[in-house]
Amino acid sequence: MLCFQCGAAVDLTSARMPPTISYSIREELLTSNLCPLDSEIPSIKRLLADPQPRVEALNAQIGGLQAALANLVRERDDLVSHAERYRAVLSPIRRVPPELVAEVFRLVPFTRKIQNKTVTKPPWTLGHICSSWRETALGCPLLWRSFTLTTSNFRSEAMITAQLPRTANVPLLVNFEWNNDADGGACALLGLLLPHSSRWQSLRIRCHHHAAAEIVLESLQVIKGRISQLEKLEFFVGRTVHPTPSNKWEMFSISPRLSEVLLTEVLWHGYSPQFSIPWSQIRNYRAVLTSIQQLDILSKSPNLVGCSIGFDDALSTHGDTMVVLPLLRRLSVEGSSILDHITAPSLEHL
């Protein structure tokens, strides 16, 4: 026989059932799909009904235990929560000086590249952690000095307006990207920062095409003589077929701290834009121009330490022209023929 409760093959008279009741059921009914006999159906129904009172009693007992367990779990969670709150009061982070917290904040990367697009997230998120960190972030001008302006970001104007008061008088890092062909109001974003050009430390502009670059450069005319802190200039334009005259744009001609000029990205795409630059003070330079333009610039740049140049025409017409670069240590060239015209006694990497 099989025990109804556990399914084991035991004598039903020893199971937990009323001692006066004993029913027999063929074992094959439980291990096959056989249909019970009409005479067996009443016994099976009684076997189903007899344990029901005990099941209900056990259900009631389990329900009481579950309620008690729920109360215990709730009390345990409350104690743990209180303990965590008290433990947080003793957290070492609360004793870190605001100056050190601000220094850590400055190491957070707010700008990154995603699919060749610059994405920026200003340090507003740091203020979402706690009130003291928010106060520290808002009181640290260096956190707010980086501005990434894109014509596809409709929140840029509001972000600039909100960020500028936080910068106090610290140098600014300006990154302007023109990613589309629409020109309506594009330079208005950059125009919000033009009154603060005297605080620009670096300026990075990337335009999709030459026409957009012309519009941007026209708007930058007003900064001439007003970029005393500018140290790094990056100006990248989509493929340009013809080089522009170097004397057309003079807004960067008076920039006493300018030392790095990058006019092409790592990949050589067409000609670089040309500007009047105080070449004698430039230490790092990268551009694509004609060979005669490159040699002319190199001859005016005795303090170059790093240089990357590309050119499209031959050098055969330059005869014995020789440029001496006494401080040059790193040189990258698109073609080796120009090396015959460069003398660099301190060169370490070619």
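- The name an unreviewed UniProt entry gives the protein is F-box domain-containing protein, with Roridomyces roridus as the organism.

### Concerning the overall build of the protein
Thought 1: Looking only at helices and strands, one finds eight helices and twelve strands in the protein.
Thought 2: The burial tally for the protein puts 37% of its 350 residues in the buried class.
Thought 3: Element-wise, carbon and sulfur atoms account for 56% of the exposed surface of the protein, whose accessible area totals about 20400 Å².

### Topic: the nonpolar core
Thought 1: Trp200, Leu220, Phe252, Phe275 and Tyr285 are the most contacted members of the largest nonpolar core, which has 55 residues in total.
Thought 2: What Leu220 contacts, discounting residues up to four positions off in sequence, is Leu190, Leu194, Trp200, Leu203, Ile205, Phe235, Met251 and Phe252.
Thought 3: Formed by eight residues, the second largest nonpolar core is a distinct cluster that contains Val101, Ala102, Phe105 and Trp144.

### Some details on the packing of helix H3 (residues 98-106) against helix H4 (residues 131-138)
Thought 1: The geometry of H3 relative to H4 is characterised by a closest axis approach of 9 Å and an angle of 70 degrees between their N-to-C directions. If you check the angle between H3 and H4, you find them roughly perpendicular. Counting all contacts with H3, which are made through Pro98, Val101, Ala102 and Phe105, the residues of H4 involved are Trp133, Thr136 and Ala137.

### As for the confidence of the model for the protein
Thought 1: Residue-level pLDDT values for the protein average 81, and 79% of them are 70 or greater.
Thought 2: Considering each helix and strand of the protein separately, the mean pLDDT is smallest for strand S2 (residues 117-120), with a value of 53, and largest for strand S7 (residues 260-262), with 96.
Thought 3: Counting contacts from residues 1-21, a segment whose pLDDT is below 50, to residues more than four positions away or on other chains yields 27 contacts.

### Structural notes on the sheet that holds strand S3 (residues 146-150)
Thought 1: Taken together, eight strands build an open sheet; the order of strands is S3-S4-S5-S6-S7-S8-S9-S11 and the sheet is parallel. Each edge of the open sheet carries a strand with a single partner, namely S3 and strand S11 (330-333). On average, each strand axis in the sheet is inclined to that of its neighbour by 10 degrees, with strand direction left out of account.
Thought 2: Sheet topology places S3 next to strand S4 (residues 172-178); five bridges connect them, and they run parallel. Within S4, the position partnered with Leu149 by the bridge is Phe176.

### Details of the pairing of strand S8 (residues 284-288)
Thought 1: Counting buried residues along S8, four of its five residues qualify, which places the element largely inside the surrounding structure.
Thought 2: Alignment of S7 against S8, held across three bridges, turns out to be parallel. The residue bridging Glu260 from the neighbouring strand is Asn284, located in S8.
Thought 3: Alignment of S8 against strand S9 (residues 306-310), held across five bridges, turns out to be parallel. Looking at S9, one finds that Val288 is bridged to Gly310.
Thought 4: In the classification by handedness, the crossover that spans S8, the intervening helix H8 (residues 291-299) and the parallel S9 is right-handed.

### Some thoughts on the side chain of Ser202
Thought 1: When you line up the elements, Ser202 lands in strand S5 (residues 200-207).
Thought 2: For Ser202, a relative accessible area of 19% corresponds to the buried category.
Thought 3: Residues within four places of Ser202 in sequence aside, it is in contact with Leu172, Leu173, Val174, Leu230 and Lys232.

### What to know about H8
Thought 1: Within H8 the residues assigned to the buried category are Ser291, Gln293, Gln294, Leu295, Ile297 and Leu298.
Thought 2: In the core, the buried residues of H8 are packed alongside S8, S9, strand S10 (323-324) and strand S12 (342-343).

### Examining a nonpolar patch on the surface
Thought 1: Together, Leu69, Leu72 and Val73 make up a nonpolar patch on the protein surface, roughly 270 Å² of accessible area in all.
Thought 2: As for its position among the elements, Val73 is in helix H2 (residues 52-89).

Analysis parameters
- Residues numbered from 1 in each chain as written.
- Predicted model: local features only at pLDDT ≥ 70, side-chain atom pairs only at ≥ 80, totals over all residues.
- Heavy atoms only, no water.
- Helix = DSSP H or I, 4+ residues; strand = E, 2+ residues; numbered from the N terminus.
- Buried < 20%, exposed > 50% of the residue type's maximum accessible area, 1.4 Å probe, protein only.
- Areas by Shrake-Rupley, 256 points an atom, 1.4 Å probe, with all protein chains shown as cover.
- Core = buried A, V, L, I, M, F, W, Y, C linked by side-chain atoms within 4.5 Å.
- Contact = heavy atoms within 4.5 Å.
- Axes fitted to C-alpha atoms, helices over the stretch in contact; angles between N-to-C directions.
- Parallel < 35°, antiparallel > 145°, perpendicular 65-115°, else oblique.
- pLDDT = per-residue confidence, 0-100.
- Pairing = 2+ DSSP bridges.
- Right-handed = clockwise from strand over helix to strand, strands pointing away.
- Patch = residues over 30% accessible without salt bridge, like charges linked within 9 Å, V, L, I, M, F, W, Y side chains within 5 Å.
- Salt bridge = Lys/Arg side-chain N within 4 Å of Asp/Glu carboxyl O.

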